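Close look at the chain arrangement
Spelled out, the chains give:
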Amino acid sequence: SIKYDHSDYTAWTFNNSGKYPYMYNYYITKPYYSDYLVTPEVELKAGTLYKLETAPAAYNSSEKSKLSIGVGQGDNVETYTVLAAYENITYSSQNNAEVKSIEFNVPADGNYKLYFLGEEYPLYLYKTRLYNAGSSNVPAAVKDLTLLPAADGSASVTVGFTIPEE
């Protein structure tokens, strides 16, 4: 994708009356949008299933946008895990925009940030929220995994491991 130098312009802003962020700036030449909206740090716990919902919509009906969403720690968004990527996002009103739902968990307790990378054309992020969906269905890894080949040289193996306590 095209990366545009936006040091002089801010692409993302917040609509206070509608309560949603949107990516648009009159001074940025289209389709050169490629801008991150990064949340403040949010405390997340390992073993918890989180659900992120957002309803993206292109800024107008003649253009389609792209959106990538990621989670990670620190300030370098290029090291974050990509949770989802959407292309060909079309225009829709706030009431009719399709809600996209992403479930994820984090590997360790800590402070994390989420990013929303809008690309190509301006877009809205309606109905965005993050919430705890309960315990994760992902079990902890087994410990002390051993593979013992058959003493007689046959094609068999004995597998041993310790069941996780979590």
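Cut-offs used in this document
- The numbers attached to residues start from 1 for each chain and follow its sequence in the written order.
- Totals for whole chains, interfaces and linings use all residues, but because this is a predicted model, local features are given only for residues with pLDDT of at least 70 and pairs of side-chain atoms are given and counted only at 80 or more.
- Values shown for side chains rest on all heavy atoms present in the structure; no hydrogens or waters enter the calculation.
- Remark: exposure states derive from per-residue accessible area (1.4 Å probe, protein chains only) relative to the maximum for the residue type, with buried under 20%, exposed over 50%, and partly exposed in between.
- Runs of H or I in DSSP of at least four residues are treated as helices and runs of E of at least two as strands, each being numbered from the N terminus.
- Two strands make a pair as long as DSSP finds a minimum of two bridges between them.
- You can read pLDDT as the predictor saying how much it trusts each residue, on a scale of 0 to 100.
- Only heavy atoms matter for contacts: two residues are in contact if any of them lie within 4.5 Å across the pair.
- Each axis is a line fitted through C-alpha atoms, taken for helices only over the stretch in contact, and angles between the N-to-C directions span 0 to 180 degrees.
- Note on aromatic pairs: the rings of Phe, Tyr and Trp (six-membered ring only in Trp) are paired at centre separations within 6.5 Å, and the planes decide the class, stacked below 30 degrees, edge-to-face beyond 60, tilted for the rest.
- N or O atoms within 3.5 Å of each other form a polar contact, as long as, within protein, one can give a hydrogen and the other can take it, and as long as residues adjacent in sequence are counted only when both atoms are side-chain atoms.
- Like-charged residues are merged into a patch within 9 Å and nonpolar side chains (Val, Leu, Ile, Met, Phe, Trp, Tyr) within 5 Å, provided each residue has over 30% relative accessible area and no salt bridge.
- The Shrake-Rupley method, run with a 1.4 Å probe, gives the accessible areas here. Residue values count only the displayed protein chains as cover.
- By convention in these notes, a salt bridge is any Lys or Arg side-chain nitrogen within 4 Å of a carboxyl oxygen on Asp or Glu.
- Residue types Ala, Val, Leu, Ile, Met, Phe, Trp, Tyr and Cys, when buried and joined through side-chain atoms within 4.5 Å, form a set referred to as a nonpolar core.

Re the pairing of strand E11 (residues 143-149)
Of all 7 residues that make up E11, 0 are buried, and the element is exposed over most of its length. Bridge count between E11 and strand E12 (residues 157-162): 5 bridges; the pairing is antiparallel. Counted as the bridge partner of leucine 148 is threonine 158 from E12.

With respect to the confidence of the model for the protein chain
When the pLDDT values of the protein chain are averaged, the result is 88; 90% of them are 70 or greater. For the stretch residues 1-6, pLDDT sits under 50, and the model shows 15 contacts to residues farther than four places along the chain or on other chains.

Some points on the sheet that holds strand E5 (residues 48-58)
Remark on secondary structure: sheet strands pair via backbone hydrogen bonds, oriented parallel or antiparallel. If you walk across this open sheet you meet the 5 strands as E1-E2-E10-E5-E8, and the pairing is antiparallel. If you trace the sheet from one side to the other, it starts and ends with strand E1 (12-15) and strand E8 (100-104), each paired once. When the angles between neighbouring strand axes are averaged without regard to direction, this sheet yields 30 degrees. Here strand E2 (residues 20-23) pairs with strand E10 (residues 123-135) via 2 bridges, running antiparallel. Paired with methionine 23 across the two strands is leucine 123, which belongs to E10.

Describing the packing of aromatic side chains
What describes a pair of aromatic rings is the distance from one ring centre to the other and the angle between the planes of the rings. Here the structure, examined in full by the defined rule, presents 11 aromatic pairs. Pairing tyrosine 124 with tyrosine 126 gives two aromatic rings, centres 5.1 Å apart and planes at 15 degrees, and the pair type is stacked. The class for tyrosine 126 is buried, based on a relative accessible area of 4%. Connected via pairs of aromatic rings, a cluster forms that spans Tyr20, Tyr22, Tyr24, Tyr59, Tyr124 and Tyr126.

Here we look at the side chain of serine 34
Checked against the element boundaries, serine 34 lands in strand E3 (residues 33-38). A polar side-chain atom of serine 34 sits 3.4 Å from a polar atom in the side chain of glutamate 119.

Notes on unusual backbone geometry
With the exception of glycine, the majority of residues adopt a negative phi angle, and the majority of peptide bonds are in the trans configuration. Not every positive phi belongs to a glycine, and lysine 19 is a case in point at roughly 65 degrees. With respect to the helices and strands, the residue lysine 19 is situated in the loop between E1 and E2. Judged by its relative accessible area of 61%, lysine 19 is exposed. Of note in this structure, glutamate 120 is not a glycine but carries a positive phi near 75 degrees. When you line up the elements, glutamate 120 lands in strand E9 (residues 110-120). In this structure glutamate 120 comes out as partly exposed when scored by relative accessible area, which is 31%.

Examining a nonpolar patch on the surface
A grouping of Val142, Leu145, Leu147, Val157, Val159, Phe161 and Ile163 is seen on the molecular surface, where their side chains present a nonpolar patch of about 700 Å² in accessible area. Residue assignment for the nonpolar patch shows that the elements contributing at least two residues are E11 and E12. Per-element tally for the nonpolar patch: the top contributor is E12, with 3 residues. For leucine 147, the position within the fold is in strand E11. By relative accessible area, which is 58% here, leucine 147 ends up exposed.

Overview of the nonpolar core
By size, the foremost hydrophobic cluster in this structure holds 22 residues, and its most contacted members are Leu44, Leu52, Leu67, Ile69, Tyr86, Phe104 and Phe116. For this core, the elements supplying multiple residues, two or more each, are E5, strand E6 (65-72), strand E7 (81-89), E8, E9 and E10. Each residue touching tyrosine 86, except ones within four places of it in the same chain, is listed here: Ser65, Lys66, Leu67, Ile69, Lys100 and Ile102. Ranked by size, the runner-up nonpolar core spans 7 residues in total, among them Tyr20, Tyr22, Ala55 and Ala57.

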